[in-house]
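Secondary and tertiary structure notes
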Amino acid sequence: YSTWKVVIINVILSMVMQKIVPHLWFDKEAKEAAEFYTTVFPNSKITKTSVLHDTPSGDCDVVSFSIWGYSFMSISAGPYFKLNPSISFVVNFDPAQDSKARNRIDIIWEKLMDGGEALMPLDTYPFCERYGWVKDKYGVSWQLVLTDSQDDKRPFIIPDLMFVNNVYGKAEEAKKFYISVFKNAPNGDAKHGTTARYHADREFDKKGTIKFTEFTLAGQWFDAMDSGYKHKFNFNEAISFIVNCADQKEIDYYWGKLSAVPESEQCGWLKDKYGVSWQIVPKQMDEMMDKGTPEQIARVTEAFLKMKKFDIAKLQKAYEGE
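The notes below deal with the structure included here. The shown structure was predicted, so the numbers you read here are calculated from the model rather than taken from an experiment. (Residues numbered from 1 in each chain as written. Predicted model: local features only at pLDDT ≥ 70, side-chain atom pairs only at ≥ 80, totals over all residues. Heavy atoms only, no water.)

Some words on the overall build of the chain
- For the chain, the helix and strand inventory stands at eight helices and 15 strands.
- For the chain, whose C-alpha radius of gyration is 20 Å, the value lies close to the compact-globule estimate of 20 Å for 322 residues.
- Viewed in the frame of its principal axes, the chain has a C-alpha envelope of about 65 × 35 × 35 Å.
- Counting only residues that meet the buried cut, the chain has 57% of its 322 residues in that class.
- In the chain, of all internal contacts separated by at least 6 residues, the share reaching a separation of at least 24 is 66%.
- Of the roughly 14,600 Å² of accessible surface on the chain, a fraction of 48% belongs to carbon and sulfur atoms. (Helix = DSSP H or I, 4+ residues; strand = E, 2+ residues; numbered from the N terminus. Rg over C-alpha atoms; globule rule 2.2 N^0.38 Å. Buried < 20%, exposed > 50% of the residue type's maximum accessible area, 1.4 Å probe, protein only. Contact = heavy atoms within 4.5 Å. Areas by Shrake-Rupley, 256 points an atom, 1.4 Å probe, with all protein chains shown as cover.)

Pasting the structure below:
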């Protein structure tokens, strides 16, 4: 899979997106899955597709798409990683923002369940009037929630990190860590939101661990939770988070703060101390890889193949042929 970490740098900046963009790694289904999601969810669209030719897995699709205005990227990159529920996507159905929310949650649930699996059936729970957790036929997990936001509105799509196994009990620590990273970053904007804890020991969960917590990074909402159940999965590269950086200062900053697994560092990819994967990339590569001549693209590619953390000055020199 290391080869793929190199290849997808060519396309991860194919559109102007939010600061942090979830990146989904499929075997062969990136385009098919994106087409499915943009028919399941309203106000969604594919924004760009491209094909990588002559790769180790043949011709592969790369897709940028948005769901309710929230940007995603995906690639068909071979069977190297398996999607799992350690990172899922909360979908908020808020009657205060969508008059059809109560009906829409049921409709979308049925569509996601087509070939999918219910991890928690769509039903009434003590914590929510209408909630369900589904793994769709492509392996991506979604938590559908009928919210009652009133004055406390949340976006439609929020990534949710579940801390299990060797990082169980670290959801709160991780939240504080991520907030510290993005609050002190150039142009950073990060803050705490609501937190709910387990107030007594349960079968799998210890008192004081996190039932649910929320926070913002670069102005974008994230959720997190602990789960003491012995899951057969952990965080992996199947879902990573692209951080689009304006300059070398930002690249240096995020790389220095987030990277904790040296052997995972390659071509802008890193893993943090909790096992979550990030891609720290310069926005300047968008123009280089999109507008450059074949010769310029080849020189830039040759340059970044040798890098772990990106060096914009060296990339620019390669682009200009210096």
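So that's the structure; there's more coming.
A short note on the packing of helix 6 (residues 284–291) against helix 7 (residues 294–304)
- At their nearest, the axes of helix 6 and helix 7 sit 8 Å apart, and the two run at 135° to each other. In terms of orientation, helix 6 lies oblique with respect to helix 7. Of helix 7, the residues touching helix 6 (which contributes Met285, Met288 and Met289) are Ile297, Val300, Thr301 and Phe304.
- Counted by class, the contact of helix 6 with helix 7 contains six nonpolar, one polar and no charged residues. (Axes fitted to C-alpha atoms, helices over the stretch in contact; angles between N-to-C directions. Parallel < 35°, antiparallel > 145°, perpendicular 65-115°, else oblique. Nonpolar A, V, L, I, M, F, W, Y, C, P; charged D, E, K, R; others polar.)

As for the environment of glycine 78
- Residue position: glycine 78 is located in the loop between strand 4 (70–76) and strand 5 (87–93).
- Judged by its relative accessible area of 1%, glycine 78 is buried.
- The spatial distance from the C-alpha of glycine 78 to the C-alpha of glycine 256 is 30 Å, given a sequence separation of 178 residues.

Notes on helix 4 (residues 171–183)
- In this model, helix 4 (13 residues) spans 18 Å end to end at C-alpha, consistent with the 18 Å of a helix rising 1.5 Å per residue.
- Among the residues making up helix 4, those that are buried are Ala171, Ala174, Lys175, Phe177, Tyr178, Ile179, Val181 and Phe182. (Expected span 1.5 Å × (residues − 1).)

Thoughts on the sheet that holds strand 5
- Reading across from one edge, 6-7-8-5-9-12-11-10 is the order of the eight strands in this open sheet, with mixed pairing throughout. One side of each edge strand has no neighbouring strand; the edge strands of this open sheet are strand 6 (117–125) and strand 10 (190–197). Mean inter-strand twist for the sheet, computed between neighbouring axes without regard to direction, equals 20°.
- Of the strand pairs in this sheet, strand 10 and strand 11 (residues 210–217) are connected by six bridges, and their pairing is antiparallel. (Pairing = 2+ DSSP bridges.)

Some words on unusual backbone geometry
- Positive phi outside glycine occurs at tryptophan 68, with the angle close to 50°.
- Tracing the backbone through its elements, the reader meets tryptophan 68 in the loop between strand 3 (58–67) and strand 4.

Brief notes about the pattern of salt bridges
- Scanning the entire structure with this criterion turns up 10 salt bridges.
- Taking the shortest distance from any N to any O, the salt bridge between arginine 102 and glutamate 129 comes out at 3.0 Å. Here glutamate 129 lies in strand 7 (residues 128–135) and arginine 102 lies in helix 3 (residues 101–113), a separation of 27 residues in the sequence.
- The partner of lysine 309 in a salt bridge is aspartate 252, and the shortest N-O contact between them spans 3.1 Å. Pair noted here: lysine 309 is in the loop between helix 7 and helix 8 (312–320) and aspartate 252 is in helix 5 (residues 248–258), with a separation of 57 residues, a long-range link. (Salt bridge = Lys/Arg side-chain N within 4 Å of Asp/Glu carboxyl O.)

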